[in-house]
Amino acid sequence: MSKQLERLAEFEREREQRIAQMFQQAQQNVMQQKQKLTSLEQYRIDYLKGIQQTGKAGVTATHYQQHLSFVGKLDKACEQQMNVIAQANMAADQRKQLWLKQQQKVKAVELLLNKRHLAKVAKEARAEQAMMDEFAMQKFFRSGKTFF
């Protein structure tokens, strides 16, 4: 029974490590998606500055309309990237919850293992004490002494 419990504890620990790794990957994905958004936003700002520079020299209405259309596409891309970030955050939160639940399982199994170990140690100590008491009793009777 104890060997099975030890194998279960090892299995649960390994599972916890895998889930923790998945959680860490999800967090990294969130960071990468945020970096993509930052890059998109910076590109949008730089593009708008470029429009202002070319606008000073004068542009046609068609050319200006194309620039505005492209800025609209950049805005849409930023919005979509924010949705991707929200989904990545939800996935990371779900993996975190799985990891926390798995940690509880590991602690429960380890607690049970520890409890069993302590019970075994106590049983062995009682058996040793009983043997020592028996030995002392036999020694006492062999010596021929009385209690009183």
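In this report, the structure presented in the accompanying data block is examined. Owing to the predicted nature of the structure, the values given are computational and were not obtained by experimental measurement. Each chain has its residues counted from 1, following the order in which its sequence is written. A pLDDT threshold of at least 70 governs which residues receive local features in this predicted model, and a stricter bar of 80 or more applies before side-chain atom pairs are shown or counted, although totals over entire chains, interfaces and linings include all residues. Note that the side-chain values use all heavy atoms of the structure and ignore hydrogens as well as water.

### Topic: the packing of helix α1 (residues 2-57) against helix α2 (residues 61-143)
- At a minimum axis distance of 7 Å, the contact between α1 and α2 shows a crossing angle of 165 degrees. As far as their axial angle goes, α2 and α1 are roughly antiparallel. In the packing of α1 onto α2, the handedness of the crossing is left-handed.
- Residues of the contact of α1 with α2, tallied by class, amount to 32 nonpolar, ten polar and 15 charged. Throughout, an axis means a line fitted to C-alpha atoms (over the contacting stretch in the case of helices), and angles, computed between N-to-C directions, take values from 0 to 180 degrees. Think of it this way: any DSSP run of H or I at least four residues long counts as a helix, any run of E at least two long counts as a strand, and we number them from the N terminus. Geometric relationships in this document are graded by angle, where less than 35 degrees denotes roughly parallel, more than 145 denotes roughly antiparallel, 65 to 115 denotes roughly perpendicular, and other angles denote oblique. Note on convention: near helix rotated counterclockwise from far helix by under a right angle means a left-handed crossing. Clockwise means right-handed. Here the nonpolar group is Ala, Val, Leu, Ile, Met, Phe, Trp, Tyr, Cys and Pro; Asp, Glu, Lys and Arg are the charged ones; every other residue, Gly included, is treated as polar.

### Some points on the pattern of salt bridges
- A carboxyl oxygen of Asp or Glu within 4 Å of a side-chain nitrogen of Lys or Arg is what we treat as a salt bridge. For the structure shown, the criterion picks out three salt bridges.
- With a shortest N-O distance of 2.7 Å, R13 and E110 are connected by a salt bridge. Placement of the pair is R13 in helix α1 and E110 in helix α2, with a sequence separation of 97 residues.
- Only protein chains enter the accessibility calculation, which uses a 1.4 Å probe. A residue is then buried if its area is under 20% of the maximum for its type, exposed if over 50%, and partly exposed in between. Judged by its relative accessible area of 27%, R13 falls in the partly exposed class.
- Residue class for E110 comes out partly exposed when judged on its relative accessible area of 31%.
- Sharing partners across several salt bridges, the network here consists of E10, R13 and E110.

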